[in-house]
Amino acid sequence: MSKTLLSAPLATLEQGDDFIRRHLGPCANELPAMLAAVGVDTLDTLIDQTVPAGIRLPAPLALGEPTPEHVALARLKAIAGKNVLKKSLIGMGYYDTITPKVILRNVMENPGWYTAYTPYQAEIAQGRLEALLNFQQMVIDLTGLELANASLLDEATAAAEAMAMARRVAKVKSQAFFVDEGVFPQTLDVVRTRADYFGFELIVGPAFDAAHHDVFGALLQYPAENGAVADIAGPIADLKAKGAVVAVASDLLALVLLKSPGALGADIALGSAQRFGVPLGFGGPHAAFFATRESHVRSMPGRIIGVSKDARGKTALRMTLQTREQHIRREKANSNICTSQVLLANMAGMYAVWHGPEGLRTIAARIHRLAATLAEGLVQAGFKLAATSFFDTIQVETGARSAEIYTAAQAAGFNLRPIDGHALGVALDEKTTRDDVAALLAAFGAKADVAALDATVAARGGNLPAELLRDDAILAHPVFNTHHTEHEMLRYLKRLQNRDLALDHSMISLGSCTMKLNATSEMIPVTWPEFADIHPFAPLDQTTGYREMIDGLAAQLREITGFDAICMQPNSGAQGEYAGLVAIRRYHAARGDHHRNVCLIPKSAHGTNPATAQMCGMDVVVVNCDDNGNVDVADLKAKAEQHADKLAALMITYPSTHGVFEEAIREICAIVHQHGGQVYMDGANMNAQVGLTSPATIGADVSHMNLHKTFCIPHGGGGPGMGPIGLKAHLAPFMADHVVAATGSEDRPNAGQGAVSAAQFGSASILPISWMYITMMGSRGMKAATEVAILNANYVASQLAAHYPVLYTGSQGRVAHECILDIRPIKAATGISEVDIAKRLMDYGFHAPTMSFPVAGTIMVEPTESEDKGELDRFIDAMVAIRGEIRAIEEGRLPADNNPLKNAPHTQADFLGDWDRPYSRSDAVFPLPWVADNKFWPSVNRIDDVYGDRNLFCACVPTDELA
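Let us look at the structure shown here. Note that the coordinates shown come from a computational prediction; the quantities given were computed from them, not determined experimentally. (Residues numbered from 1 in each chain as written. Predicted model: local features only at pLDDT ≥ 70, side-chain atom pairs only at ≥ 80, totals over all residues. Heavy atoms only, no water.)

**Considering the overall build of the protein chain**
And then number 1: Summing up its helical and strand segments, the protein chain has 36 helices and 25 strands in all.
And then number 2: On C-alpha atoms alone, the protein chain measures out to a radius of gyration of 28 Å, which is about the 30 Å that the 2.2 N^0.38 rule sets for 963 residues.
And then number 3: For the protein chain, the spread of C-alpha atoms along the principal axes amounts to about 85 × 75 × 65 Å.
And then number 4: Within the protein chain, the fraction of its 963 residues that count as buried is 66%.
And then number 5: Across the protein chain, every contact between residues at least 6 apart in sequence was considered, and the portion connecting residues at least 24 apart equals 76%.
And then number 6: Just so you have it, the protein chain exposes about 32,000 Å², and 52% of that area is on carbon and sulfur atoms.
And then number 7: Each charge sign in the protein chain was given a centre, from 81 positive and 105 negative side chains, and these centres are 1 Å apart. (Helix = DSSP H or I, 4+ residues; strand = E, 2+ residues; numbered from the N terminus. Rg over C-alpha atoms; globule rule 2.2 N^0.38 Å. Buried < 20%, exposed > 50% of the residue type's maximum accessible area, 1.4 Å probe, protein only. Contact = heavy atoms within 4.5 Å. Areas by Shrake-Rupley, 256 points an atom, 1.4 Å probe, with all protein chains shown as cover. Lys, Arg positive; Asp, Glu negative; His and termini not counted. Charge placed at Lys NZ, Arg CZ, Asp CG, Glu CD.)

**Concerning helix α20 (residues 486-497)**
And then number 1: In this model, α20 (12 residues) spans 16 Å end to end at C-alpha, consistent with the 16 Å of a helix rising 1.5 Å per residue.
And then number 2: On its buried side, α20 packs onto α7 (101-108), α8 (111-114), α9 (126-143) and α16 (342-380). (Expected span 1.5 Å × (residues − 1).)

**Concerning a nonpolar patch on the surface**
And then number 1: Where nonpolar side chains cluster on the molecular surface, the patch consists of L5, L10 and L13 and spans about 290 Å² of accessible area.
And then number 2: Taking the relative accessible area as the measure of exposure, L10 reaches 59% and is therefore exposed. (Patch = residues over 30% accessible without salt bridge, like charges linked within 9 Å, V, L, I, M, F, W, Y side chains within 5 Å. Salt bridge = Lys/Arg side-chain N within 4 Å of Asp/Glu carboxyl O.)

**Notes on the pairing of strand β12 (residues 393-397)**
Consecutive side chains along a regular strand alternate between the two faces of the sheet.
And then number 1: Counted residue by residue, β12 has four buried out of five residues, so it is predominantly covered.
And then number 2: Alignment of strand β11 (residues 384-385) against β12, held across two bridges, turns out to be antiparallel. Within the sheet, the bridge partner assigned to L385 lies in β12 and is V396.
And then number 3: Where β12 and strand β15 (residues 423-427) come together, five bridges link them in antiparallel fashion. Within the sheet, the bridge partner assigned to I394 lies in β15 and is V426. (Pairing = 2+ DSSP bridges.)

**Here's the deal with the environment of D471**
And then number 1: Note on placement: D471 falls in the loop between α19 (450-460) and α20.
And then number 2: Note: C-alpha distance between D471 and L258 (213 residues apart in sequence) is 8.5 Å.

**Structural notes on the packing of aromatic side chains**
And then number 1: Scanning all chains against the criterion turns up 19 aromatic pairs.
And then number 2: With a centroid separation of 4.4 Å and an interplanar angle of 20 degrees, the aromatic rings of F282 and Y546 are classed as stacked. Taken together, the residues span a long stretch of sequence, with F282 in the loop between β7 (268-272) and β8 (288-292) and Y546 in helix α23 (residues 544-561) at a distance of 264 residues.
And then number 3: The exposure class assigned to F282 is buried, which follows from its relative accessible area of 0%.
And then number 4: A residue is classified by how much of its surface remains accessible, and Y546, at 0% relative accessible area, is buried.
And then number 5: When the ring of F846 is compared with that of W930, the centres are 6.1 Å apart and the planes differ by 75 degrees; the resulting orientation is edge-to-face. Placement of the pair is F846 in the loop between α31 (834-843) and β24 (850-851) and W930 in the loop between α34 (921-925) and α35 (945-950), with a sequence separation of 84 residues.
And then number 6: Using a relative accessible area of 1% as the deciding quantity, one classes F846 as buried.
And then number 7: Owing to a relative accessible area of 23%, W930 belongs among the partly exposed residues under this scheme.
And then number 8: By way of ring pairs, the aromatic residues F282, W528, F531, Y546 and F761 are connected into one cluster.
And then number 9: It is K77 that lies over the ring of W528; its NZ or CZ is 4.4 Å from the centre. (Phe/Tyr/Trp six-rings, centres within 6.5 Å; stacked < 30°, edge-to-face > 60°. Lys NZ or Arg CZ within 6 Å of the ring centre and 35° of its normal.)

**Regarding empty space enclosed by the protein**
And then number 1: Counting across every chain of the model gives 10 cavities of 30 Å³ or more.
And then number 2: When its volume is computed, the largest cavity comes out at roughly 490 Å³.
And then number 3: Looking at the largest cavity, it is lined by 37 residues, and the ones nearest its centre are Y117, C338, T339, C513 and K709.
And then number 4: For the lining of the largest cavity, the element with the most residues is helix α24 (residues 573-590), which contributes three residues.
And then number 5: In the lining of the largest cavity, the residues fall into 11 nonpolar, 21 polar and five charged.
And then number 6: Its boundaries defined by the atoms lining it, the second largest cavity holds a volume of some 200 Å³.
And then number 7: Contributing to the lining of the second largest cavity are 24 residues, with G93, Y95, F184, Q221 and D251 lying nearest its centre.
And then number 8: Looking at the lining of the second largest cavity, the elements with two or more residues in it are β5 (217-222) and β6 (245-251).
And then number 9: It is β6 that provides the largest number of residues to the lining of the second largest cavity, a total of three residues. (1 Å grid on protein atoms, 1.4 Å probe; cavity = no way out; pocket = protein on both sides within 12 Å on 5 of 7 lines; lining within 4 Å. Points joined across faces, edges and corners; volume = space filled by probe spheres on them. Nonpolar A, V, L, I, M, F, W, Y, C, P; charged D, E, K, R; others polar.)

**Thoughts on the environment of T456**
And then number 1: Along the chain, T456 falls in helix α19.
And then number 2: Considered as a pair, T456 and T373 are 83 residues apart in the sequence and their alpha carbons are 8.2 Å apart.

Structure, rendered in structure tokens:
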């Protein structure tokens, strides 16, 4: 063997394909057995039987050769090195922060936290749920409101959600919404886009004029974008007296010192939690916070974590009320947001846990002191400020000297915010030092003694109005007052991690969710300072590396999708849906077809599809599916003809949500085009297309790409995500731009189009993950990933078909990348439901597949290409064993109401306590021999969902109850 290697050509020793081998689960010697089990001789034969010949790509993708991990990292490091790191004091909702290293290493860089899925299976997500409950408690305390959600996507979209919620809650008939001229410009940009398709009139003006208008709601900013801190209790009271709902966008760190929005009378509070330890990252990902009155809970967007009880009466946590809301309420849902920024919310919550109330007050007071010291020096030097009361941001009138001072500040290493050529904004942050204040004063030409200035400021107690200083307790719960040494924090994080099942433990086989490998080499660049420490609105000449990386990824995605343009702004799949439909609506409007507002959506579609269409002001018309789960082409044709004059779009998922490649897809697209509509392809299942077909090839005009699914960005326990869209040339002029920072060159076709997210490139700092994945895989690897995903799904389906009926297959009996197992006959015969199977899988160490979607009473399995034969076989063995347990119920050997499935999951309390069940303890917790080798113990028994909804409690659990 060694002699053979010593004689081999050098090219074969370079291991250029090594990452492909590491990404794909099945090794070469496993493939023959898997193919034989499926009933084919070669992988090519299986693909030919699965993917219709009429949509296959004519040539391989032009993505280049696979790149070894170390080479790809070096290449990306060189690109990142083109970014220029300065201290960005631009502010506008983005501030540099210090991520505690114990949080950086043990949360942000820890696969136990970042590879978990949304906590739908609460019994094996208690750690993440507790961390999110901490986040909610932090937001409740600081906003002074009664209820907070588990985060939203960013501050600007949270403001847009607040506007939509205000319309749901308000009793007044007005369709006008007031926006404070003091909000951040990117927030106004996003709110304006959203208001347009809701049909709302937007009124922008001074906060103190808000009540002069007849509006259903208002958005005020506190502190304002120019830094001013003013008492807005009066305008809030006046607005509420007229029946309006008032939302306040705020700064969590400022609220450590300032009177809360709740105390000022606000109905909703929102903003960004970014400065609680989450890196700038050129705009994201960052968790937005959102809080409201408890009376408005059923109108609140997003996910809420609540407290319930398990089967033993033990306190247990779960997502409450809104869980899978879109799939139940569809176009009547509060929002199309189906997850949140969980990983980042966890980081922000842990920042508060780490520092505690006194630590946060000290950080906030220090930042304010430095800002006030800088302001004092500038005032003494003759400069005029836009506001004399502020927290961390000052706006300085600089007149004709603006360019000179701006350049001097840059030379000293600082980015300031230029304002209309006549003023400069300066926002200080946690990293600012005394020396920075001295350097900034020098840049302004002010020579002053910082110590003397500081003494002057301290003597008067700073520049915050005394009547607005906070006097109530914050963060009094023990969790925020306990973990202040690194040992305590490290052990707390580990204790929570141990309660969660993530990809670092076993396969997560969720259909349409694509829980594939998030390789370490893909993750490493995210925390490089060259990517992590860049402000989204930093000068163009400082972000060359970022833009080169983003342009490179966009080029890769254009090649993969066949589209002409890529918009990188949407920061989730749901945002991508919205951005795509907005582009379609703008396209029709530009052609004079304002009346085109009908959206055809198949019955099988993701619930976010109709919710998104509603947000875009569209009327949803449902298209039936046939007995094989495919779109009923006759029904589609009839409805397209019926609504031809008003047809705007079809939203379709491909391969279908039923897990098959519909052979009529090109005909379906042609019918829609024939009647004047555009085709929006939901990219949830694009991982079954890459290298074999493409959205443009099948006939789509626009599609979003879930980078957190197909392109390896981790799910983070329910976020972050990225949902960029690809568009054909005729739609490219209508994709999102940005009012603050351009999304491309001056001649970009979409210049001036309204934004859909807060930052111009969404959650830019996680884009290196997908860049690395595609670069390391190359053309061969990307195609191989798709082929193996299809093989793995068909392998699982073939092995389980004798035990659970596979609901839908293609014309040759094949599934795509996922398969739906029908549990309805089992439930009819035994009372055992898909929920019982999901809970029982926990005892075998597995997260459940997707339940009751897209068909009620089923489970949808997607193994992904990253799982090897051994792991697939363990899952198959578990499912077969569970079927054997069900058979024992069918045959009367186990009672229908007291069996391993109905009692699942089993915990250590079951194993150690009294036992009077008709099956053994060993069968309960070690149902197959290999389970004991890597046992995952759920920390609670089955949770009572009904109790949690009827007894709504969404804050940290009192310690006496935990005891």
